[in-house]
Amino acid sequence: MWKGRFSENTADIVLNYSQSLDVDWCLAPFDIQGSLAHAQMLVSVGLLTPDEGLRMEQGLKQILREIEEDKFKPSIELEDVHMNIEHRLTEILGSLGEKLHTGRSRNDQIATTVRLFLRDKLADFQEKMRALLEVLLGRAKAHLYVVVPGYTHLQQAQPISLGHYWMAHFQAFRRDYTRLQAALDGMQECPLGSGALAGSTLPLDRFFTSEALGFQSPSENSLDSVAQRDYLLDYHYFATGFAIHCSRLSEDLVIYNSQEFGWINLPDAFCTGSSMMPQKKNPDVLELTRGRTGQIIGHLLDLIISLKGLPMTYNRDLQEDKRGLLASLTAVEAILSIFPPFLSQVEADQDRAILGFQNGLTLATDVAEYLVGKGIPFREAHWKAGQVVRYCLDHNCSLFQLSLSEWQDLVPEVEEDLLPLLDLKTSVSRRQTYGGTSFSEVNRQIDHGWNWIKSIKIIANKAKS
Ligand code: ARG
């Protein structure tokens, strides 16, 4: 396309090095969508006649069909998706095809095409995220009354409702959903018409194309429009948060599923066996997720590092932004597809859970808080409860086995009303602070969660129509 300026053809090795079809050919339908709007705009400002516009539209739609029917084999001599489509249009329409690129550069074109592509993809991700969030709400409700140890430092801390645990992950994914929405909101400006960097001498109507493509407005500054990749960073921020959350959830479930913990059961269909050890049932889906999420996070760093030293405005480095983007989208999509059916079948085993913390020491804070209720300053109460724990450890007995007189020998302030509090379920049900683990609070959280899902569904349906 640029032969006019050159005395030699581009070397084959350079063609191979610089072509981007392996990453941008999947964008073809969105590139055509952008071109259709651009052609309409050229008609509206008189740079194409209505008849030329019509023929161009037919030509572009023919190319779209050829792509859909897998009849269009792009060629690397034409470097990228944009030039392959334009070249084909010229084959079909002759010199009229050469008018398509009027007032446009591949720099503003790719920024537009990727936004159109992502808008579609991320709307689909939102739907999948909603399904995941609903599954977590379902698990929380199903496991509301299952009491398990809660951990800090992976040391048994206090008894919690397993429903509360699932809701903790719900909250993390809810924030991811909001970040996904923010990424979509950040793609509302249309870069088309910015040209290579400085706009155009031709009377382009950027408001026309922006509206035709469903954007909120044309982007404000042509230099920024072709130079910036914040709309991709916004996606990667979402993906990174999501990856971290998936990885931590996976790690938890791997641990809770191990023989030593054993209080969740993973569905057989989502686990694999060992080629050597007949007894094994391995949580591979979780491990693969933990493994792959590292790559998703890596793609954010990849883009950040590419961007940080780039001079204004477009630089060819930016072509590489799509490689990480597509890899990240593929990985996120795979997790979003497998997590809902997988998690919806995770079962809890209350009896196994109890075995792990029968010594009752996770109720030590309850004892200290009971003593606070008797007027003892918390620091002193903490010390006294600590003495009781020490006694149980030394005598190898559980907190539940101590008789009232043993309690009173250790802590004279203890009265009979302590004994009914020394029960795991009671302990959970008494943590009634807002956001605490009591069954009633977790139920409130679940209801709140469902209401939130309803509200985002209404927004999503509005955006669709
Ligand atoms: N394929 C390029 C990209 O993905 C767009 C082409 C811009 N090339 C150029 N020489 N200005 O970013």
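Throughout what follows, the structure given in this document is the object of discussion. (Residues numbered from 1 in each chain as written. Predicted model: local features only at pLDDT ≥ 70, side-chain atom pairs only at ≥ 80, totals over all residues. Heavy atoms only, no water.)

## What about the overall build of the protein chain?
Step number 1: Looking only at helices and strands, one finds 18 helices and 6 strands in the protein chain.
Step number 2: Rg of the C-alpha trace for the protein chain: 30 Å, well past the compact-globule value of 23 Å for 465 residues, more than 25% over.
Step number 3: Viewed in the frame of its principal axes, the protein chain has a C-alpha envelope of about 100 × 50 × 40 Å.
Step number 4: The buried share of the protein chain, taken over its 465 residues, is 48%.
Step number 5: As presented, the protein chain carries roughly 22,700 Å² of accessible surface, and 53% of it is formed by carbon and sulfur atoms. (Helix = DSSP H or I, 4+ residues; strand = E, 2+ residues; numbered from the N terminus. Rg over C-alpha atoms; globule rule 2.2 N^0.38 Å. Buried < 20%, exposed > 50% of the residue type's maximum accessible area, 1.4 Å probe, protein only. Areas by Shrake-Rupley, 256 points an atom, 1.4 Å probe, with all protein chains shown as cover.)

## Quick word on the nonpolar core
Step number 1: If you look at the biggest cluster of nonpolar residues, it comprises 107 residues, and the most contacted ones within it are L122, W166, F242 and L343.
Step number 2: If one sorts the elements of this core by residue count, helix 6 (residues 106–142) sits on top with 15 residues.
Step number 3: In contact with L343, not counting residues within four places along its chain, are L132, V135, L136, R139, W166, L249 and L253.
Step number 4: In this structure, I32, L48, L60 and V81 belong to the second largest nonpolar core, which totals 20 residues. (Core = buried A, V, L, I, M, F, W, Y, C linked by side-chain atoms within 4.5 Å. Contact = heavy atoms within 4.5 Å.)

## Things to note about the site of the ligand
Step number 1: Around the ligand, the neighbouring residues are S20, D80, R106, N107, I110, Y314, Q319 and K322.
Step number 2: Contacts to the ligand include N107, whose side-chain N or O atom sits 2.9 Å from a nitrogen atom.
Step number 3: Protein chains bury 85% of the 340 Å² of accessible surface belonging to the ligand in isolation.
Step number 4: Top element by residues in the shell around the ligand is helix 6. It accounts for 3 residues.
Step number 5: A class-by-class count of the residues in the shell around the ligand yields 2 nonpolar, 3 polar and 3 charged. (Near = heavy atom within 4 Å. Polar contact = N/O pair within 3.5 Å; in protein donor to acceptor, adjacent residues only side chain to side chain. Nonpolar A, V, L, I, M, F, W, Y, C, P; charged D, E, K, R; others polar.)

## A word on the side chain of H82
Step number 1: Examined against the element boundaries, H82 turns out to sit in helix 5 (residues 81–93).
Step number 2: Within polar-contact distance, the side chain of H82 engages the side chain of Q109 at 3.3 Å.
Step number 3: Not counting the four nearest positions on each side in its chain, H82 is found in contact with D31, R106, Q109, I110 and T113.

## As for the environment of V388
Step number 1: Tracing the backbone shows V388 in helix 15 (residues 378–395).
Step number 2: Using a relative accessible area of 1% as the deciding quantity, one classes V388 as buried.
Step number 3: For V388 and L402, which are 14 residues apart along the polypeptide, the C-alpha to C-alpha distance reads 9.5 Å.
Step number 4: When near neighbours in sequence (up to four residues on either side) are disregarded, V388 contacts L399, L402, W407, L410 and V411.

## Here's the deal with the packing of helix 10 (residues 230–257) against helix 11 (residues 284–308)
Step number 1: The N-to-C vectors of helix 10 and helix 11 enclose an angle of 155°; their axes lie 8 Å apart at closest approach. Between helix 10 and helix 11, the angle is such that the two are roughly antiparallel. When you trace helix 10 past helix 11, the crossing you get is left-handed.
Step number 2: Looking at the contact of helix 10 with helix 11 residue by residue, the class counts come to 16 nonpolar, 7 polar and 3 charged. (Axes fitted to C-alpha atoms, helices over the stretch in contact; angles between N-to-C directions. Parallel < 35°, antiparallel > 145°, perpendicular 65-115°, else oblique. Left-handed = near helix turned anticlockwise from the far one by under 90°.)

## Points about the side chain of R431
Step number 1: Tracing the chain through its elements places R431 in the loop between helix 17 (424–429) and helix 18 (439–464).
Step number 2: Among the polar contacts listed, one links the side chain of R431 to the side chain of S427, at a separation of 3.0 Å.
Step number 3: R431 has contacts with Q158, T365, D366, G436, T437 and S438, leaving out every residue within four places of it along the chain.

## Observations concerning the pairing of strand 1 (residues 147–152)
Step number 1: Across 6 bridges, strand 1 lies against strand 2 (residues 155–161) in antiparallel orientation. Its bridge partner being in strand 2, V147 is matched across the sheet by S161.
Step number 2: As consecutive antiparallel partners, strand 1 and strand 2 are separated by 2 residues, and within that stretch H153 has a phi angle of approximately 55°, a positive value. (Pairing = 2+ DSSP bridges.)

## Description of helix 3 (residues 28–44)
Step number 1: Taking 1.5 Å as the rise per residue, helix 3 with 17 residues should run 24 Å; its terminal C-alpha atoms sit 24 Å apart, in good agreement.
Step number 2: Every buried residue of helix 3 is listed here: A28, F30, D31, I32, G34, S35, A37, H38, A39, M41 and L42.
Step number 3: Next to the buried residues of helix 3 lie helix 2 (21–24), helix 4 (50–68), helix 5, helix 6 and helix 8 (206–212).
Step number 4: Residue G46 follows helix 3 closely and has a positive phi angle near 80°. (Expected span 1.5 Å × (residues − 1).)

## Re the packing of aromatic side chains
Step number 1: Scanning the model with the defined rule gives 16 aromatic pairs in all.
Step number 2: Between Y151 and Y256, the ring centres sit 6.3 Å apart and the planes meet at 25°, which makes this aromatic pair stacked. One end of the pair, Y151, is in strand 1; the other, Y256, is in helix 10, and 105 residues separate them in sequence.
Step number 3: The exposure class assigned to Y256 is buried, which follows from its relative accessible area of 7%.
Step number 4: On the basis of an interplanar angle of 50° and a centroid distance of 5.8 Å, the ring pair of Y151 and F261 is categorised as tilted. Residue Y151 is located in strand 1, and its partner F261 is located in the loop between helix 10 and strand 5 (264–265); the two are separated by 110 residues in the primary sequence.
Step number 5: Following the ring pairs from residue to residue traces out a cluster consisting of Y151, Y165, W166, Y256, F261 and W263. (Phe/Tyr/Trp six-rings, centres within 6.5 Å; stacked < 30°, edge-to-face > 60°.)

## Some details on the pattern of salt bridges
Step number 1: All told, the structure shown has 29 salt bridges when counted by the stated rule.
Step number 2: Where E79 meets R316, a salt bridge forms, and the shortest distance between an N and an O atom there is 2.9 Å. Of the two residues, E79 sits in the loop between helix 4 and helix 5 while R316 sits in the loop between helix 11 and helix 12 (321–343), which places them 237 residues apart along the sequence.
Step number 3: For R316, a relative accessible area of 37% puts it in the partly exposed group.
Step number 4: Between E91 and R88 there is a salt bridge, with the nearest N and O atoms lying 2.7 Å from each other. Residue E91 and its partner R88 are located together in helix 5, separated by 3 residues, close to a single helical turn.
Step number 5: Salt bridges sharing common partners tie together E79, D80, R106 and R316. (Salt bridge = Lys/Arg side-chain N within 4 Å of Asp/Glu carboxyl O.)

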